[in-house]
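# Observations on the model geometry
Residues per chain are reported as follows:
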Amino acid sequence: MDILLVLKKGYFYIRAEYPIAVEHIQKALEVCYNLGLCGRNILGTNFNFDIELKKGAGAFVCGEETALIASIEGKRGMPKPRPPFPAEKGLYGSPTCVNNVETFVNIPIIINEGAENFAKLGTEKSGGTKIFSLAGKTKNTGLVEVPLGIPLAKIVYDIGGGALNGRKIKGVQTGGPSGGCIPVEFFNTPVDYETFAELGSIMGSGGMIVIDDTVCIVELARYFTEFVQKESCGKCVPCRIGTKRMLEILEKITKAKAEVEDLTTLEMLGNYIKETSLCGLGQTAPNPVLTTIKYFRDEYIAHIVDKICPAAVCKELIEYYIEPTKCVGCTVCLKNCPVEAIEGKTKQTHKINILKCIKCGICFTLCKYKAITVKQATIYATENKN
Ligand SMILES: Cc1cc2nc3c(=O)[nH]c(=O)nc-3n(C[C@H](O)[C@H](O)[C@H](O)COP(=O)(O)O)c2cc1C
Ligand code: SF4
Ligand code: SF4
């Protein structure tokens, strides 16, 4: 969510797919107008300021400031080279301030309580507080506001309550799809803009997804790369084609069809895309891949060399198997398998035909006796022995 100030008019730019945010801002605007805090002659003065809510049609790239401005102007949301920066020549050619709502919320505090008081919270360069959207594999999730400089561990363990179901936390993905993955070894480092940048990640709008050992790091990187690749506006070659090539290599890795050299290509491509893309989307798109290769290289090697997915997530590298000692022959899996891959009679041990199984995982989810397990695919296990 961004707010824009242009001459005497401001805009909230919110994706139409976020109806709760739209509803809240609509209500807040109504209240402000009723109290005379917006519109004409604010608080009896001759100062006028209107605020309009503009709904975006759902493009990630429209968060980039020049694309955002184009979208409000009714044009296709595509970034433009800067300079000129919006502060000089922005919406309808006027000087425009593009900031997150959270940033503007800090301004009255700084004015009313003084910059020195504001700076008492946070670090020397990253002052104040920051709101994070804590999600993923912790006991508590939701929006949390913390003073900048707090160690990551405090957010994950003290506020988030630590791992779910006794699992092992591996790291956090910060800054959304174009952020980076910070491993648990760095959880004692302070949460601030500079440290995140040093670690290869970004703070962004405060996304923080906690990852445990049930998450495959390579699949995670593939997932985010697929997202940014689809969201690339296509204006410049490094982002449009480079992210596509990165995605192809990641798909090869998750299917155990890659070579170790592919990792070098991924890193090289990622660095080129970062350096040569026109806008922030392309400049940050390789972050998930580059940080995971840097911090979780062993997981990439496991997929490429050992043909194993340590988290047992990548479909091509796993097999579903019914543990005969646990199966009671309840037939639930057999009745729900979409491709009739399960054989067995009532009250007798069932068996999965791996040649028919499409690895949808339905049986695994439904079996209340926990008789269905995931194991390394036999084809690769055999290959590795030879
Ligand atoms: C691809 C892309 C998506 C973005 N999405 C958002 C967003 O959803 N919300 C946001 O506040 N800023 C987003 N930004 C950053 C904004 O363009 C802008 O830099 C930011 O809102 C500046 O405000 P701040 O300095 O107050 O954070 C995005 C940037 C890029 C490149
Ligand atoms: S970096 Fe990507 S999103 Fe940005 S202008 Fe180039 S193609 Fe478009
Ligand atoms: S994983 Fe899906 S396709 Fe395979 S046996 Fe189970 S239910 Fe059937």
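Residues numbered from 1 in each chain as written. Chains lettered and ligands numbered in written order. Predicted model: local features only at pLDDT ≥ 70, side-chain atom pairs only at ≥ 80, totals over all residues. Heavy atoms only, no water.

### Focus: unusual backbone geometry
- In the segment running from Arg 82 into Pro 83, the intervening peptide bond is cis, with an omega of 0 degrees.
- Take Pro 83: it is sitting in the loop between helix H2 (65–72) and strand E4 (96–100).
- Following Pro 83, the chain continues to Pro 84 via a peptide bond in cis, the omega torsion being 0 degrees.
- A positive phi angle is found at Tyr 92, which is not glycine, with a value near 50 degrees.
- In this fold, Tyr 92 is placed in the loop between H2 and E4.
- The backbone of Lys 307 sits at a positive phi, close to 55 degrees, despite the residue not being glycine.
- Structurally, Lys 307 can be placed in the loop between helix H12 (297–304) and strand E10 (318–322). (Helix = DSSP H or I, 4+ residues; strand = E, 2+ residues; numbered from the N terminus.)

### Quick word on the packing of aromatic side chains
- Tallying each qualifying case throughout the model produces 6 aromatic pairs.
- Relative to Phe 364, the ring of Tyr 320 has its centre 5.9 Å away and its plane inclined at 55 degrees; by these criteria the two rings are tilted. One end of the pair, Tyr 320, is in strand E10; the other, Phe 364, is in helix H14 (residues 362–366), with 44 residues separating them in the sequence.
- When its relative accessible area of 41% is taken as the criterion, Phe 364 is described as partly exposed. (Phe/Tyr/Trp six-rings, centres within 6.5 Å; stacked < 30°, edge-to-face > 60°. Buried < 20%, exposed > 50% of the residue type's maximum accessible area, 1.4 Å probe, protein only.)

### With respect to the pairing of strand E9 (residues 207–212)
- Here strand E5 (residues 129–136) pairs with E9 via 4 bridges, running parallel. By the bridge assignment for E9, Gly 136 is matched with Val 210.
- Looking at chain direction, strand E7 (residues 169–174) and E9 are connected through 5 bridges and run antiparallel. Considered in E9, the bridge of Gly 171 is made with Ile 211. (Pairing = 2+ DSSP bridges.)

### Description of the packing of helix H8 (residues 237–254) against helix H9 (residues 261–276)
- The interhelical angle for the contact between H8 and H9, taken along N-to-C directions, is 160 degrees, at an axis separation of 10 Å. With respect to each other, H8 and H9 are oriented roughly antiparallel. Seen along the crossing, H8 lies across H9 with a hand that is left-handed. Of the residues in H9, those touching H8 at Pro 238, Cys 239, Gly 242, Thr 243, Arg 245, Met 246, Ile 249, Leu 250, Lys 252 and Ile 253 are Asp 262, Leu 263, Thr 265, Leu 266, Leu 269, Gly 270, Ile 273 and Thr 276. (Axes fitted to C-alpha atoms, helices over the stretch in contact; angles between N-to-C directions. Parallel < 35°, antiparallel > 145°, perpendicular 65-115°, else oblique. Left-handed = near helix turned anticlockwise from the far one by under 90°. Contact = heavy atoms within 4.5 Å.)

### Details of the domain arrangement of the protein chain
- Along its sequence, the protein chain is organised into domain 1 (2–107), domain 2 (129–212), domain 3 (217–304) and domain 4 (315–385).
- On a C-alpha basis, the centres of domain 1 and domain 4 stand 53 Å from each other. (Domains from an automatic or database assignment.)

### Concerning the pattern of salt bridges
- All chains considered together, the criterion is met by 15 salt bridges.
- When the shortest N-O distance is used, the salt bridge between Lys 75 and Glu 73 registers 2.8 Å.
- Among the charged side chains, a salt-bridge network with shared partners connects Glu 219, Arg 222, Glu 226 and Lys 230. (Salt bridge = Lys/Arg side-chain N within 4 Å of Asp/Glu carboxyl O.)

### Digging into the pairing of strand E3 (residues 50–56)
- As judged from the 7 bridges shared by strand E2 (residues 9–15) and E3, these two strands associate in the parallel manner. Note on E3: the bridge partner recorded for Tyr 11 is Glu 52.
- Crossover E2 to E3 through helix H1 (residues 19–35) is right-handed. (Right-handed = clockwise from strand over helix to strand, strands pointing away.)

### Thoughts on the sheet that holds E9
- One open sheet holds the 5 strands; their spatial order is E6-E5-E9-E7-E8, and the pairing between them is mixed. In the strand order of this sheet, the two ends are held by strand E6 (142–147) and strand E8 (180–183), each with one partner. When the angles between neighbouring strand axes are averaged without regard to direction, this sheet yields 30 degrees.

### Focus on the state of the cysteines
- The full count for this structure, using the stated rule, is 0 disulfides.
- For Cys 333, which is in no disulfide, the shortest distance to another cysteine sulfur is to Cys 330 and amounts to 6.2 Å.
- By relative accessible area, which is 9% here, Cys 333 ends up buried. (Disulfide = S-S within 2.5 Å.)

### Comments concerning the side chain of Glu 64
- Examined against the element boundaries, Glu 64 turns out to sit in the loop between E3 and H2.
- Of note is the side chain of Glu 64, whose polar atom sits 2.5 Å from the side chain of Thr 66.
- Engagement of the side chain of Glu 64 in a polar contact is seen with the backbone nitrogen of Ala 67, the distance being 3.0 Å.
- Setting aside chain neighbours within four positions, we find Glu 64 in contact with Pro 79, Arg 82, Cys 279 and Gly 280. (Polar contact = N/O pair within 3.5 Å; in protein donor to acceptor, adjacent residues only side chain to side chain.)

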